[in-house]
Structure formats: structure tokens, C-alpha cells
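# Report on the structure
For reference, the chains in residue letters:
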Amino acid sequence: MAADPLPVLTAHAHGTIKSFIQKGYRAMIYRMTMNRFLHSRRTLSVWLSTVVVSASLLGLHDASADALPPTAVSRSPIIALATDAPHRLLLKATAKALYRSASGGRQWQQITLPHPGAHIAAIGTSSQQPGLLYIGGPGLGIFRSTDDGRHWESLNKGLPSLAVEALAAHADQPGTVYVYVAGHGIFRSRHDGHDWLLMDHGPKAPILHFIHSNMPGSMQTGWLFAATTKGVARSMDCFCGWQNAGNLKGKVSAIAYDPRQPRQIYAAVGENLLLSKNGGQQWMQVMSPAPIVTALLVTPDGVLYAAGKGTFFRSTDQAKTWERIDG
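Now for a look at the structure at hand. (Residues numbered from 1 in each chain as written. Predicted model: local features only at pLDDT ≥ 70, side-chain atom pairs only at ≥ 80, totals over all residues. Heavy atoms only, no water.)

Mapped onto the fold, Arg100 is located in strand β3 (residues 98-101). Among the residues examined, Arg100 registers a relative accessible area of 9% and is labelled buried. Once you skip the residues sitting within four places of it in the chain, Arg100 turns out to touch Leu89, Leu90, Leu91, Gln107, Trp108, Gln109, Ile111, Asp148, Gly149 and Arg150. Of note is the side chain of Arg100, whose polar atom sits 2.4 Å from the backbone oxygen of Asp148. (Helix = DSSP H or I, 4+ residues; strand = E, 2+ residues; numbered from the N terminus. Buried < 20%, exposed > 50% of the residue type's maximum accessible area, 1.4 Å probe, protein only. Contact = heavy atoms within 4.5 Å. Polar contact = N/O pair within 3.5 Å; in protein donor to acceptor, adjacent residues only side chain to side chain.)

So this is what it looks like as C-alpha cells:
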């Protein structure tokens, strides 16, 4: 007699049903878990969006998040150097940023510009007034700060345009400043930049940078030395006429003078760094710290600073030796 197949079928069916129930239960748990997860993500997304909007409305946006990485900033070409000697600060500028250092150039703090994205061509300070700082550039014009760049004042009223290519603060008079406006000439203000007078049209070649020096021998208060596309030109600040300073040829990328010895002028021409000890009449080649020098500065204590494209150097022996201190 054949065995009754019902018990076997019943056991098999029982296993199948059990497996089906377990799979269905797991699927149900999975769907419930995913629904909760997706709901939590949507809730979190809405919450984060609310926080971001609220932070923006409250002005809590972190400006440092928009800053360039330190490496990118330090490698940008340095186009100008200056010093606030009474406060023992160094200042450097790239075309898009301005920095101060209280550590002799080893660490730098960025200074907020009067206009985001402003193009800087020159900076200037006064040895007679702590905290005084000028910046200028094409499209920016000229601005002045009396607290090392924490607050800015526009000085553009009275200038024919904002095409400021160079500026120089007077060596001894903190209220006197000169600007070179492309296509117009050199303007002078003796009242902190609040009024301007056209002095002359400058030397024949375009001015790239210029400085005011209290070198003796002027018929007025000092001299202007201009780095041009065709050498160095100089004029007494009575603007009695421009002359070539020696026989330098070519584009001059940087110029500075020694406040302790105003007849000593440094100029960078091509790959060469040159020194004149007699106010620009003769020049001698000295050691250059970089293939191309883009900015020069001599501090009141006689330290010579030079900038390469993204590097920073100093010399305490009139360019006989150099120490790299930044970049």
C-alpha cells in the first residue's frame, strides 16, 4: 500500500510558506527602514538649508572660506613693498591682495581691500606718520588709510580718471603724495589727497613705479625717481625737468632708495640688480636674489628687501648676501 503523500506535501508546503513569510517580513522591514532613512534625509536637508539661509541672513558667513589657499596667495607675484617703520610692520601687495607682517616677513596677515577684486599697482607709507597707508591701481584710483588698512578713504575726487599706475608718498611730509595717472601725468596733493594739482606729464617713457627721496641737492624738498620702460628717470620735486638717471637701458621692474643714505638707489633691470651710490649717475651690478626682482624696499634701519615673483628675501649688507624668508 502506497504511503500517504499528504504528510510530505504538508511539510514541504509548511517550509515554503515559512520561507515566504520570512522573505516578506524582511522586505517589509527593509521598506520601512528605507522610508524612515529617506524621510530623515529630507528632514536633515530641509534643516541644513534653513540653517544656511539663517546664517546668511544673520551675516555669519565665514569669509575665510572664500580666501585663496595660502600656497596660492604666497606664489602670486609681489608687485610692491612698503614699511610702517614706527609700527615695525612690513607690507606687500600682489595685484589682487594686500598683506602686513609684524614678524619681518615670516608670517603675513591679509588686509581687507576697499573694494573686492580691486587691482593694486602701488602702495606707499610715511615714515613720519604711523599707520598711514596709500594704495592705488587702475580702476581703483587711490585710497588712504590711517590705521594700517583697517579703514579706507577714497581720494579720487579731483583726479581725471581712476587709471592710477604709480604712487609715491613724500619722504618727509606725510600729507604730501604723488600719483601717476596714465594718459594725463603726475598729480600732487599736499592735503592728504583731498585735492590734486597736475604737476607735469612725466618723463618720455611710461612710468611703472616711482619713489620720492629726500636726497640733498633739490631746489625744493627732494627728488622723484621713476622706473620706466626705458630706464630710470629723475626730477627734483619742483618739477623742473626730467633727466635720465645714468645710462640704464630696458624696463625697470623695481626701484628703492636707502633712507639712511638717500644717494643710494637700487633698481632691477631684467635679470640684474643694480646700485647707484651717487643718486643715479653711475650704476654697479650687485647680487640679485632671484632671476627677476619685482619689488624693492629699504627700511629706515638699512635692511634691503626684494621680492621675486612669489618669494621674499632680505639683505643686511647692501645686497652682498641674501636670506630667503618667505615662500
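Right, let's talk about the sheet that holds strand β20 (residues 284-286) for a bit. Pairing is antiparallel in the open sheet, where 4 strands are placed in the order β17-β18-β19-β20. Every interior strand has two partners, whereas the edge strands, β17 (252-258) and β20, have only one. Taken pair by pair, the neighbouring strands of this sheet meet at an average axis angle of 30 degrees, ignoring direction. Examined bridge by bridge, strand β19 (residues 272-276) and β20 share 3 bridges and lie antiparallel to one another. Note that in β20 the partner of Leu274 across the bridge is Gln285. (Pairing = 2+ DSSP bridges. Axes fitted to C-alpha atoms, helices over the stretch in contact; angles between N-to-C directions.)

The method is simple in principle: a probe with the dimensions of a water molecule rolls over the atoms, and the space it marks as empty is what remains. The space that makes up the largest pocket amounts to roughly 680 Å³. Every residue lining the largest pocket is counted, 36 residues in all, and those nearest its centre are Leu81, Thr125, Ile211, Tyr257 and Leu297. Listed by contribution, the elements that provide at least two residues to the lining of the largest pocket are β1 (80-84), β5 (122-125), β9 (164-169), β13 (207-213), β17 and β21 (295-298). Per-element tally for the lining of the largest pocket: the top contributor is β17, with 5 residues. By residue class, the composition of the lining of the largest pocket is 24 nonpolar, 11 polar and 1 charged. (1 Å grid on protein atoms, 1.4 Å probe; cavity = no way out; pocket = protein on both sides within 12 Å on 5 of 7 lines; lining within 4 Å. Points joined across faces, edges and corners; volume = space filled by probe spheres on them. Nonpolar A, V, L, I, M, F, W, Y, C, P; charged D, E, K, R; others polar.)

Two descriptors summarise a pair of aromatic rings, namely the distance from one centre to the other and the angle between the planes of the rings. Per the stated rule, a full pass over the model turns up 3 aromatic pairs. Pairing Tyr178 with Phe239 gives two aromatic rings, centres 6.1 Å apart and planes at 50 degrees, and the pair type is tilted. Placement of Tyr178 in strand β10 (residues 177-181) and of Phe239 in the loop between β15 (231-236) and β16 (243-244) is noted, with a sequence separation of 61 residues between them. With respect to burial, Tyr178 and Phe239 carry one shared label: buried. The interplanar angle of 15 degrees and the centroid separation of 5.4 Å between the aromatic rings of Tyr305 and Phe312 together place this pair among those described as stacked. Each member of the pair, Tyr305 together with Phe312, is buried. We note Lys92 situated over the ring of Tyr99; from NZ or CZ to the ring centre the distance is 5.4 Å. (Phe/Tyr/Trp six-rings, centres within 6.5 Å; stacked < 30°, edge-to-face > 60°. Lys NZ or Arg CZ within 6 Å of the ring centre and 35° of its normal.)

Before going further, it helps to examine the side chain of Ser126. Mapped onto the fold, Ser126 is located in the loop between β5 and β6 (133-137). Classification of Ser126 as buried rests on a relative accessible area of 2%. Within the structure, the side chain of Ser126 is placed 3.1 Å from the backbone nitrogen of Gln128, a separation counted as a polar contact. A distance of 3.5 Å separates a polar atom in the side chain of Ser126 from the backbone nitrogen of Gln129. Not counting the four nearest positions on each side in its chain, Ser126 is found in contact with Leu132 and Pro174.

Enumeration according to the criterion identifies 5 salt bridges in this entry. Residue Arg260 is joined to Asp258 by a salt bridge in which the shortest nitrogen-to-oxygen separation is 3.7 Å. By relative accessible area, which is 1% here, Asp258 ends up buried. A salt bridge links Glu323 to Arg314; the nearest nitrogen and oxygen atoms lie 3.0 Å apart. With a relative accessible area of 32%, Glu323 lands in the partly exposed category. The network of salt bridges with shared partners includes Arg106, Arg314 and Glu323. (Salt bridge = Lys/Arg side-chain N within 4 Å of Asp/Glu carboxyl O.)

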